[in-house]
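What follows is each chain in one-letter form.
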Amino acid sequence: MKAVILAGGLGTRISEETHIKPKPMIEIGGKPILWHIMKSYSAHGINDFVICCGYKGYVIKEYFANYFLHTSDVTFDMQNNQMEVHARNAEPWKVTLVDTGDETMTGGRLKRVKQYLEGEETFCFTYGDGVSDVNITELIAFHKAHGKLATLTATQPPGRFGALILDGQKINSFQEKPQGDGAWINGGYFVLSPKVIDYIAEDSTTWEKQPLERLAEEGQLDAFFHRGFWQPMDTLRDKVHLEELWQSGKAPWKAA
């Protein structure tokens, strides 16, 4: 099975980093968040990726072009123009990088990689700017069991701020970042039939609007409820939080 990852957005809310690189290349623990997402899929046996590039997509291409060197011990013999590789630690990944345009919307990006999904009965689809400990094996099994065209992973994000536990005007205690308002939101991590691409009209189509709304209206969209860790990286605050989790050795999304 293949996994399609959106990696072409501008990331304007974290411009401190994205003025020099695309958002999925912002690093957590010295590795791009895109790498962390791919590792989570790889832990569930999915090693074939289609990356939808856009803004500064060449940075992603250069990263994977040099991935072997990034992860190996190497001796360069400058005088003889030779390279000797001592240890190979590269992932078992096949990565297809597709330029889907700088201005293309999320649905349009998926439509542009249709040719790379020919012959696939089902594929995974997610965003390149967040991590989760969602059980992808169970997600795929759930999708195949209900037999509909699309599955969306629903999650409940935590509240952004701590809460006060009050008795009238008296403060009894503090609660650090409680659960949010209880609403379920789109957490990404879709499993889809290639037939859903026919629901996308053009480059300007936003996946989260017309295509998903139509799938829901037709009864072709089910929710897989994920009650574990889920964290997008929308702002510098989010990036710092993820980095702290990684450095603590307690990153919930970390794959073996």
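Our structure's up above, just so we're on the same page.
These figures come from a predicted structure and were not determined experimentally.

(A) Examining a nonpolar patch on the surface more closely. Where nonpolar side chains cluster on the molecular surface, the patch consists of Phe 68, Leu 69, Phe 76, Met 78 and Met 83 and spans about 530 Å² of accessible area. As for its placement among the helices and strands, Leu 69 is situated in helix H4 (residues 67-70). Taking the relative accessible area as the measure of exposure, Leu 69 reaches 34% and is therefore partly exposed.

(B) Structural detail: the pattern of salt bridges. By the definition in use, this model includes seven salt bridges. Residue Lys 148 is joined to Asp 222 by a salt bridge in which the shortest nitrogen-to-oxygen separation is 2.8 Å. Remark: Asp 222 occurs in strand S15 (residues 221-226) and Lys 148 occurs in the loop between helix H6 (136-146) and strand S10 (150-155); sequence separation between them is 74 residues. A relative accessible area of 19% means that Asp 222 is categorised as buried. The residue Arg 214 makes a salt bridge to Glu 218 at a minimum N-O spacing of 3.0 Å. Here Glu 218 falls in the partly exposed class, since its relative accessible area comes to 41%.

(C) Focus on H6. Turning to H6, its buried residues number three or more, namely Ile 136, Leu 139, Ile 140 and His 143. Down the axis of H6, the buried side of the element spans an arc of 95 degrees, and every buried residue falls inside it. Once H6 ends, the next one or two residues include Gly 147, with phi positive near 75 degrees.

(D) Layout of helix H7 (residues 210-217). Within H7, burial applies to Pro 211, Leu 212 and Leu 215. Each buried residue of H7 lies within a common arc of 95 degrees when the element is viewed along its axis, so the set occupies one face. In this structure, the buried side of H7 is in contact with S10, strand S14 (190-192) and S15. Two residues or fewer after H7 comes Gly 219, characterised by a positive phi angle close to 75 degrees.

(E) Representation of the side chain of Thr 151. For Thr 151, the location among the structural elements is in strand S10. You can call Thr 151 buried: its relative accessible area is 0%. Not counting the four nearest positions on each side in its chain, Thr 151 is found in contact with Leu 139, Phe 142, His 143, His 146, Tyr 189, Phe 190, Val 191, Leu 192, Leu 221, Asp 222 and Phe 224.

(F) Seen up close, the environment of His 226. Looking at the element boundaries, His 226 is found in strand S15. Accessibility expressed as a relative area gives 8% for His 226, which makes it buried. Ignoring sequence-local partners within four residues, the contact set of His 226 consists of Ser 132, Asp 133, Val 134, Thr 153, Ala 154, Thr 155, Gln 156 and Trp 184. In this structure the side chain of His 226 is engaged in a polar contact, spanning 3.2 Å, whose partner is the side chain of Ser 132.

Analysis parameters
- Along each chain, the written sequence defines residue order, and numbers are assigned to residues from 1.
- Only residues with pLDDT of 70 or above have their local features reported here, since the model is predicted, and side-chain atom pairs are shown and tallied only from 80 upward, although totals for entire chains, interfaces and linings are computed over all residues.
- Hydrogens and waters are ignored; side-chain quantities use all the structure's heavy atoms.
- Like charges within 9 Å and nonpolar side chains (Val, Leu, Ile, Met, Phe, Trp, Tyr) within 5 Å are joined into patches, using only residues over 30% in relative accessible area that form no salt bridge.
- All accessible-area figures derive from a Shrake-Rupley calculation using a 1.4 Å probe, and residue coverage is judged against the displayed protein chains alone.
- Here, a salt bridge means any side-chain nitrogen of Lys or Arg that lies within 4 Å of a carboxyl oxygen of Asp or Glu.
- Only DSSP runs of H or I with at least four residues qualify as helices, and only runs of E with at least two residues qualify as strands; both kinds are numbered from the N terminus onward.
- The cut-offs for exposure are 20% and 50% of the maximum accessible area for each residue type, with area from a 1.4 Å probe on protein chains only; residues under the lower value are buried, those over the upper are exposed, and the others partly exposed.
- This arc is built from the directions going out from the helix axis to the C-beta atoms.
- Only heavy atoms matter for contacts: two residues are in contact if any of them lie within 4.5 Å across the pair.
- Identification of polar contacts relies on pairs of N or O atoms within 3.5 Å, with a donor-acceptor requirement for protein atoms, meaning one able to donate a hydrogen and the other able to accept it, and with residues adjacent in sequence counted only if both atoms are side-chain atoms.

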